[in-house]
Amino acid sequence: MTGKTYATDSSPSSAPPPRARAEIDLGALRANVRALRSRVGPGVALMAVVKSDAYGHGMVPCARAALEAGAEWLGTATPQEALALRAAGVEGRLMCWLWTPGDPWRAGIDADLDMSVSGMWALREVTEAAREAGRCARIQLKADTGLGRNGCQPADWPELVAAALAAEAAGEVKVTGLWSHFACADEPGHPSIGAQLDVFHEMLAYAEKAGVAPEVRHIANSAATLTVPDSHFDLVRAGVATYGISPSPALGTSGDFGLRPVMTLSASVALVKQVPAGHGVGYGHQYHTRGETTLGLVPLGYGDGIPRHASGRGPVLVGGAWRRVAGRIAMDQFVVDLGGDTVEPGSPAVLFGPGGQGEPTAQDWADAADTIAYEIVTRIGPRVPRVYVDGPA
Ligand SMILES: *Cc1c(COP(=O)(O)O)cnc(C)c1O
């Protein structure tokens, strides 16, 4: 979290130095959590996924805001992320799922984490840590129902379930959950969605018949939370939607789902100057001015997570109009062609935000960089201070 400014009020006097800022609207985040809650049944718990620094929005403030708005669970990828939340004093149910041999199972037990187990090596490490701790570890068995990434294959499930039940009988673990993850929930009607649900039902039935009594069964990510009600089970895990971003334009816009983007990324124009026609701009001279024009310098670059792949394409709102990145995005800066307009140095250049003030959105940058909006917000680096505001009520 180095370099981030944790301002908690929205008064302009709390503004950080003006080079650039990612304003994080915690009011919007809370509203998104409530909107997601309203899409799932009353018996279904909501897990706010805050991995990777809350998709670049700042893990601790976002975790707190999500809990305040009614999320019952938090989720992270790594145990280190989950332990950092505990170190910051964040309480409540907290699950993490990306374990590597040698990871801190003992600390996870002491911190009351729900820890995912995808295979026998993990069960061996967690039971050993539980014996050492003299305490029962909360584990959730992950099934690979077709994603082909983490999780236990159906063929290996009986062995893992039997070993987990034996560890439960020995008082070493409590199996609190059975869970899985979708491959293509962001593609409406993709046949793998139903196929994965079928496999999940079979793997659940096997485990439950063998004697596992999980508190929660879950498979839905944001896309499935929004569009596949049959996938909600006891809990849904919402990541990108919590931050007000649609999981995929193929499903709809964030507005279609009643979600509001939480991050607004802006910079202050560092220099404005008149240049003649035919002037090369930036490394490699990938852009030449067509006529005499004005150029604006935006002090953000790939060192801040602005994708270099959006060179020549990324949109920026400057002086009331969309401008395009002119030439290459450099490590620290890029240029926009203002087409003869002038703005004062220090004027705002808004790269993306909710879109309501005419600014581009993270999805527009994703389109410009041939990627997904997840990557656009998540990669905004620590050199950009996060400024927390509570937004309009
Ligand atoms: C990241 C992640 C999520 C959240 O995914 P979104 O598409 O952002 O909602 C849910 N579950 C797992 C296992 C994840 O890794």
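Residues numbered from 1 in each chain as written. Predicted model: local features only at pLDDT ≥ 70, side-chain atom pairs only at ≥ 80, totals over all residues. Heavy atoms only, no water.

Draft legend 1. Spotlight on the sheet that holds strand β2 (residues 45-49). The strand order across the open sheet formed by eight strands is β8-β7-β6-β5-β4-β3-β2-β9, and the pairing between neighbours is parallel. Two strands in the sheet have a free side with no partner beyond their single neighbour: β8 (216-218) and β9 (235-238). Taking each pair of neighbouring strands and ignoring which way they run, the sheet shows an average axis angle of 30°. Relative to strand β4 (residues 93-96), helix α4 (residues 79-87) is tilted by about 160°, and along the sheet it contacts β3 (73-76) and β4. Helix-sheet contacts for helix α8 (residues 191-210) involve β7 (173-179) and β8, and the interaxial angle to β7 is about 160°. (Pairing = 2+ DSSP bridges. Helix = DSSP H or I, 4+ residues; strand = E, 2+ residues; numbered from the N terminus. Axes fitted to C-alpha atoms, helices over the stretch in contact; angles between N-to-C directions. Contact = heavy atoms within 4.5 Å.)

Draft legend 2. Here's a closer look at the packing of aromatic side chains. Applying the stated criterion across every chain yields a total of six aromatic pairs. Ring geometry for Trp 105 versus Trp 121: centroids 6.1 Å apart, planes at 70°, classification edge-to-face. Of this pair, Trp 105 sits in helix α5 (residues 105-110) while Trp 121 sits in helix α6 (residues 120-133), and the two are 16 residues apart along the sequence. On the basis of relative accessible area, Trp 105 is assigned to the buried category, the value being 3%. Aromatic rings pair up to connect Tyr 55, Tyr 243 and Tyr 374 into one cluster. (Phe/Tyr/Trp six-rings, centres within 6.5 Å; stacked < 30°, edge-to-face > 60°. Buried < 20%, exposed > 50% of the residue type's maximum accessible area, 1.4 Å probe, protein only.)

Draft legend 3. Here's a closer look at the packing of helix α7 (residues 157-169) against α8. Contact geometry of α7 with α8 gives a least axis separation of 10 Å together with a crossing angle of 35°. In the packing of α7 onto α8, the handedness of the crossing is right-handed. Contact residues: α7 offers Trp 157, Pro 158, Val 161 and Leu 165, while α8 offers Met 203, Tyr 206, Ala 207 and Ala 210. Of the residues in the contact of α7 with α8, the class split is eight nonpolar, no polar and no charged. (Left-handed = near helix turned anticlockwise from the far one by under 90°. Nonpolar A, V, L, I, M, F, W, Y, C, P; charged D, E, K, R; others polar.)

Draft legend 4. Expanded view of the pairing of β9. Neither face of β9 is open: one carries Leu 235 and Arg 237, the other Val 236 and Ala 238, and all of them are buried. Bridging between β2 and β9 involves four bridges; their strand directions are parallel. Within the sheet, the bridge partner assigned to Ala 45 lies in β9 and is Leu 235.

Draft legend 5. Up close: the site of the ligand. If you check the shell around the ligand, you find 14 residues, and the closest are Lys 51, Tyr 55, Ser 222, Val 240 and Tyr 374. Between the ligand and the protein, one listed contact pairs an oxygen atom with a side-chain N or O atom of Trp 97 at 3.3 Å. Within the contact set of the ligand, an oxygen atom lies 2.5 Å away from a side-chain nitrogen or oxygen of Ser 222. Taking 380 Å² as the accessible area of the ligand by itself, protein coverage stands at 94%. Those elements that provide at least two residues to the shell around the ligand are α2 (51-55) and β9. (Near = heavy atom within 4 Å. Polar contact = N/O pair within 3.5 Å; in protein donor to acceptor, adjacent residues only side chain to side chain. Areas by Shrake-Rupley, 256 points an atom, 1.4 Å probe, with all protein chains shown as cover.)

Draft legend 6. Inspection of the sheet that holds strand β18 (residues 348-352) at higher detail. Read across the open sheet, the nine strands follow the order β11-β14-β17-β16-β15-β18-β10-β1-β19; overall the sheet is mixed. One side of each edge strand has no neighbouring strand; the edge strands of this open sheet are β11 (271-275) and β19 (386-389). The average undirected angle you get between the axes of adjacent strands in this sheet is 35°. Contacts from helix α1 (residues 26-39) reach β1 (20-25) and β19, with the element oriented near 40° to β1.

Draft legend 7. Fine view of the confidence of the model for the protein. Looking at the protein, the pLDDT average stands at 95 and 95% of residues meet or exceed 70. Predicted confidence for residues 1-11 stays below pLDDT 50, and this span has 26 contacts to residues more than four positions away or in other chains. (pLDDT = per-residue confidence, 0-100.)

Draft legend 8. A look at unusual backbone geometry. Positive phi outside glycine occurs at Tyr 55, with the angle close to 50°. Its relative accessible area of 7% is what places Tyr 55 among the buried residues. Phi is positive for His 285, which is not a glycine, with a value near 45°. Of note, His 285 is situated in the loop between β12 (280-281) and β13 (287-288). His 285 sits in the partly exposed class, given a relative accessible area of 45%.

Draft legend 9. Fine view of the pairing of strand β6 (residues 137-142). The element β6 is extensively covered by neighbouring structure, given that five of its six residues are classed as buried. Pairing between strand β5 (residues 114-117) and β6: four bridges, direction parallel. Bridging across to β6, Val 117 finds its partner in Leu 141. As for the winding sense of the linkage, the β-α-β connection from β5 through α6 to β6 is right-handed. Where β6 and β7 come together, six bridges link them in parallel fashion. Across the sheet, Leu 141 pairs through a bridge with Leu 178, a residue of β7. In this region the chain leaves β6, passes through α7 and returns to the parallel neighbour β7; the handedness of that crossover is right-handed. (Right-handed = clockwise from strand over helix to strand, strands pointing away.)

Draft legend 10. Spotlight on the pattern of salt bridges. Within the structure shown, the criterion is met by 18 salt bridges. Of the charged contacts, one joins Asp 390 and Arg 30 as a salt bridge, the two residues approaching to 2.6 Å between their closest N and O atoms. Here Asp 390 is found in the segment after β19, whereas its partner Arg 30 is found in helix α1, with 360 residues between them in sequence. Its relative accessible area of 38% is what places Asp 390 among the partly exposed residues. With relative accessibility at 18%, the residue Arg 30 sits in the buried group. (Salt bridge = Lys/Arg side-chain N within 4 Å of Asp/Glu carboxyl O.)

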